[in-house]
Amino acid sequence: MNIANNILKHGLQNVYFLVGTACGGKTAMAGEISKKYGYIHFNDNWNEDNCKLYNSIKNEKYQPNSTKRDEIDWEKYFSRSIEEFLADKNDTHGSAEYLEFSIIELIKLSQNKKVVADVWIDDFDFLMEISDYSRIACLLAPGELIIRDYYSRDDHKDFTDCIKGLKEPEKKFETQNELFRLGAREMFNNAQKHGLFSIVRTEESTITGTLRLLEKHFKLGEL
């Protein structure tokens, strides 16, 4: 069964979406909003409880890529060239499969309460069909800032440790760095193309200042 996007949109009216690049501040700002306004914070980080639930119900028939995640030859995977990474359209990590689960969970959680969703959605055409401009914010970080901060975060430790344990880790990190640069550039362009409300993180950005911008855009606290 495929559920039409307009029906999904009807069920997601109480959900605010924070999307964008890595290290753009999605998780931090979702946490601040949920703490200040009592909203539910839905995080799609693989270490979160909702991901653990997903992992307990996924199966090879319906989520083939997710179930094969633990079987990936990481040496072979990270040894690929930038061109091979970009040409690979397969959902290697099962992110699209997990998004289906996330949408259902968001509909369930938001029936009687507001939810702020810190999720990975890079298909902005889809996002604009299941939500409204007023409930979407794109938090962006330039490629060099992502490279500086990404590997030191606790929630990225598994990723970093995996590469460190492989052959020629420096070469593999440099490939990932270039992918971060290209991915950030694409995300910036797509956000502009779709006219999404966006906040670009800089060295001067603060949690208080970014929260204030989000509150104004989402009209939080207004009657």
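No experiment lies behind these values; they were computed from the predicted model shown.

Calculation criteria
Residues numbered from 1 in each chain as written. Predicted model: local features only at pLDDT ≥ 70, side-chain atom pairs only at ≥ 80, totals over all residues. Heavy atoms only, no water. Salt bridge = Lys/Arg side-chain N within 4 Å of Asp/Glu carboxyl O. Buried < 20%, exposed > 50% of the residue type's maximum accessible area, 1.4 Å probe, protein only. Helix = DSSP H or I, 4+ residues; strand = E, 2+ residues; numbered from the N terminus. Contact = heavy atoms within 4.5 Å.

**Considering the pattern of salt bridges**
This structure, assessed with the given rule, holds 14 salt bridges. The partner of Arg148 in a salt bridge is Asp149, with the nearest N and O atoms 2.7 Å apart. Overall, Arg148 belongs to the partly exposed group, its relative accessible area being 45%. Asp161 is the salt-bridge partner of Lys157, the closest N and O atoms lying 2.6 Å from each other. Separated by 4 residues within a single helix, Lys157 and Asp161 lie in helix H10 (residues 157-164), roughly one turn from each other.

**Some words on the environment of Ala117**
In this fold, Ala117 is placed in strand E3 (residues 115-118). Among the residues examined, Ala117 registers a relative accessible area of 0% and is labelled buried. For the pair Ala117 and Asn190, spaced 73 residues apart in sequence, the C-alpha separation works out to 20 Å. When residues no more than four places from it in sequence are discounted, the contact partners of Ala117 are Val15, Tyr16, Phe17, Leu18, Phe42 and Leu106.

**Overview of unusual backbone geometry**
Here the phi dihedral of Cys23 falls at roughly 65°; this positive angle occurs in a residue that is not glycine. Of note, Cys23 is situated in the loop between strand E1 (15-20) and helix H2 (26-37). Even without being glycine, Glu168 reaches a positive phi, approximately 45°. Tracing the backbone shows Glu168 in the loop between H10 and helix H11 (169-193). Overall, the relative accessible area of 53% leaves Glu168 in the exposed class.

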